[in-house]
Amino acid sequence: DIQQIEVTNPLIEIGKIAKEWRLRFDFPVIAITGSNGKTSTKELLLHVLSDNFNVHATEGNFNTHIGLPLTLLQMNLSHNISILEIGASVPGEIETLCDIARPTHGLITNVAPAHLEGFGSIENIAHEKGALFRSLENDGIGFFNKTDDMINKISFKGKKITFGLTPDCDFPADIYQEEDGTLSLILDAHEINTGTHNLSFIKNSIAVSAIAITLGIDWGILKRKLMSFTAPPGRCNVKHFNDVTIIDDTYNANLASSLAALDYLNAFSGNGRKILVFGDMFELGPTSNEQHRRIGQKCSELKLDGVYTIGDHAKYTDSAINNGVNHNHYNSRDNLISSLKKKIIAGDKILFKGSRGMEMEKVIEGVFDF
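Residue positions within a chain follow its written sequence, with the count starting from 1. A pLDDT threshold of at least 70 governs which residues receive local features in this predicted model, and a stricter bar of 80 or more applies before side-chain atom pairs are shown or counted, although totals over entire chains, interfaces and linings include all residues. To obtain the side-chain values, all non-hydrogen atoms of the structure were included, while hydrogens and water were left out.

A. Seen up close, the pairing of strand β10 (residues 237-241). Two strands pair under a simple rule: DSSP has to find at least two bridges between them. Helix and strand definitions follow DSSP, with helices as H or I runs of at least four residues and strands as E runs of at least two, each counted in order from the N terminus. Of the strand pairs in this sheet, β10 and strand β11 (residues 244-249) are connected by five bridges, and their pairing is antiparallel. The residue bridging F241 from the neighbouring strand is V244, located in β11. The hairpin formed by β10 and β11 contains two residues between the paired strands, and N242 there has a positive phi angle of roughly 50°.

B. Here's a closer look at the nonpolar core. To qualify as a nonpolar core, a set must consist of buried Ala, Val, Leu, Ile, Met, Phe, Trp, Tyr and Cys residues joined through side-chain atoms within 4.5 Å. Three exposure classes are used, based on accessible area relative to the maximum for each residue type with a 1.4 Å probe and protein chains only: buried under 20%, partly exposed in between, and exposed over 50%. If you look at the biggest cluster of nonpolar residues, it comprises 36 residues, and the most contacted ones within it are I30 and L49. Counting residues per element, this core draws most heavily on helix α8 (residues 199-214), which supplies nine residues. Contact between two residues is taken to exist if any of their heavy atoms lie within 4.5 Å; hydrogens are not considered. The residues contacting L49, other than those within four sequence positions of it, are I30, V55, I81, I83, A212, L215 and I217.

C. Quick peek at the pattern of salt bridges. Salt-bridge detection follows one rule: a side-chain nitrogen of Lys or Arg within 4 Å of a carboxyl oxygen of Asp or Glu. Summed over the entire model, instances satisfying the criterion amount to 18 salt bridges. D51 is the partner of R224 in a salt bridge, and the nearest nitrogen-oxygen pair spans 3.1 Å. Here the residue R224 occupies a position in helix α9 (residues 219-227), and D51 occupies one in the loop between α2 (38-49) and β2 (55-57), the gap between them amounting to 173 residues. D248 serves as the salt-bridge partner of K239, at 3.1 Å between the closest nitrogen and oxygen. Residue classification places K239 among the partly exposed residues on the basis of a relative accessible area of 30%. D248 sits in the buried class, given a relative accessible area of 6%.

D. Quick peek at the sheet that holds strand β8 (residues 183-187). The strand order β2-β3-β1-β4-β5-β6-β7-β8-β9 describes an open sheet built from nine strands, whose pairing is mixed. Two strands bound the open sheet, and with one partner strand each, they are β2 and β9 (190-196). Averaged over neighbouring strand pairs, the angle between their axes works out to 20° when direction is ignored. Taken together, the five bridges between strand β7 (residues 171-177) and β8 define a ladder with antiparallel strand orientation. Bridged to A173 within β8 is L187. Orientation is described by lines fitted to C-alpha atoms, with helices fitted over the stretch in contact, and by angles between N-to-C directions that extend from 0 to 180 degrees. α2 contacts β1 (29-33), β2, β3 (81-85) and β4 (105-108) of the sheet and is inclined by roughly 165° relative to β3.

E. Looking closely at the side chain of K129. With respect to the helices, strands and loops of the structure, K129 is situated in helix α6 (residues 122-134). Charge convention: Lys and Arg are scored as positive, Asp and Glu as negative, and His as well as the terminal groups of each chain are ignored. E128 provides the closest opposite charge to the buried, salt-bridge-free K129, at an N-O distance of 7.0 Å. Apart from residues no more than four positions distant in its own chain, K129 is found in contact with T33, G34, S35, I94, I108 and V111.

F. Layout of the sheet that holds strand β14 (residues 327-330). Taken in spatial order, the six strands make up an open sheet running β10-β11-β15-β12-β13-β14, and their pairing is mixed. One side of each edge strand has no neighbouring strand; the edge strands of this open sheet are β10 and β14. For this sheet the average axis-to-axis angle between neighbouring strands, irrespective of direction, equals 15°. Examined bridge by bridge, strand β13 (residues 306-310) and β14 share four bridges and lie parallel to one another. Paired with V307 across the bridge in β14 is H327.

G. View of α8. Residue count minus one, scaled by 1.5 Å, sets the expected span of a helix. For α8, spanning 16 residues, the distance from its first C-alpha to its last is 23 Å, which sits close to the expected 22 Å at 1.5 Å a residue. Here α8 lies mainly inside the structure; 12 of its 16 residues are buried. Listed as buried for α8 are F201, I202, N204, S205, I206, A207, V208, S209, A210, I211, A212 and I213. Definition of a polar contact: a pair of N or O atoms within 3.5 Å, with one able to donate and the other able to accept a hydrogen when the atoms are protein atoms, and with sequence-neighbouring residues admitted only if both atoms are side-chain atoms. With a side-chain oxygen lying 3.0 Å from the backbone nitrogen of S200, the N-terminal cap of α8 falls on N198.

H. Layout of the packing of aromatic side chains. When two rings of Phe, Tyr or Trp (its six-membered ring) have centres within 6.5 Å they constitute a pair, described as stacked for plane angles under 30 degrees, edge-to-face for angles over 60, and tilted for the intermediate range. Scanning all chains against the criterion turns up nine aromatic pairs. When the ring of F25 is compared with that of F27, the centres are 5.7 Å apart and the planes differ by 45°; the resulting orientation is tilted. Taken individually, F25 and F27 each receive the classification buried, so the pair is uniform in this respect. Ring geometry for F352 and F368: centres 6.3 Å apart, planes at 80°, overall edge-to-face. Pair noted here: F352 is in strand β15 (residues 349-353) and F368 is in helix α14 (residues 361-368), with a separation of 16 residues, a long-range link. An identical accessibility class is assigned to F352 and F368; each is buried. Among the aromatic side chains, those forming a connected cluster through ring pairs are W21, F25 and F27. In this structure, K160 packs its charged tip against the face of F144, placed 4.4 Å from the ring centre. Counting as a charge over the ring demands two things of the Lys NZ or Arg CZ atom: a distance within 6 Å of the ring centre and an angle within 35 degrees of the ring normal.

Next up, the structure:
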């Protein structure tokens with residue numbers, strides 16, 4: 001007994017409606033895609049722009065053929081800029097979503113072997129992400145990460161703005177470590193003391209800065225906003241419990257983000273053991289076992305004090321660990337929690353990481369009684 005419109009395919013129709021709604025608005029629409037860091041970069045850009053614009057933005061990770069149209073339908077006349085996160089799990093999805101969203105600016109954060117199960121190769125992933133740039137070729141602006149070789153191979157006929165850890169780009173950056181172990185950023189001759197150990201945050205900051213300055217944000221405002229940003233839950237959030245440092249990076253995991261998180265853990269200064277609690281990485285296709293072994297190899301290279309794994313795939317991480325690193329694999333969450341409660345001591349720095357389906361945040365809750 002409610003008004004209904006019968007259609008053949010609701011997903012296609014909601015996309016058409018969202019596209020028509022999007023075309024009613026004439027302001028910058030910034031689309032962000034990539035293998036890692038989409039949501040973190042979007043949240044940082046939202047934070048940086050929020051003082052100068054009334055920003056419409058993707059909430060959470062509503063970045064799919066359902067979430068994106070629902071996000072677009074939240075645009076209204078009070079907004080004067082939009083930030084859209086665009087994800088893909090099957091070929092052709094980004095092209096379809098860009099046709100609906102009609103972005104004016106585009107950023108590909110990086111290209112890494114995520115979702116290999118759906119794409120087969122990293123070259124196919126690069127082609128899929130490149131659909132964002134191809135959608136901008138008439139009069140849009142593409143922001144190119146010069147540090148990422150796969151992105152630099154993507155052809156683009158529109159206006160290109162480059163950034164990265166190389167001098168030959170529009171926004172050249174350099175990262176260095178302070179005496180206290182925190183990272184500082186020099187970007188286009190401007191120094192930004194971030195106060196963070198998080199290398200992924202620094203890399204996101206470089207991309208966001210390129211976009212913000214291009215949109216007219218003042219350097220002083222940019223510095224202040226970068227230094228006042230708090231990461232969303234589950235993305236390298238640092239918590240403290242009885243002199244134990246907890247690094248909650250449980251939101252999701254693939255090879256590149258996990259290696260970056262390990263570098264983040266390793267960058268912490270001071271005494272205390274460095275420990276990884278690691279769950280399966282999903283959707284990695286036929287190279288899954290090798291990618292999980294790579295995490296174990298990285299742990300050995302860093303000489304972590306402990307690595308504790310759980311899941312069907314993470315056992316390959318456990319099997320690859322050597323170099324005297326203490327390690328153990330668990331078949332149940334309860335056993336892992338019980339063991340960690342006995343092992344953890346004051347001063348420990350513990351990174352929790354795993355794919356969304358592993359719900360590694362429940363391990364944190366179980367161990368620390370949050």
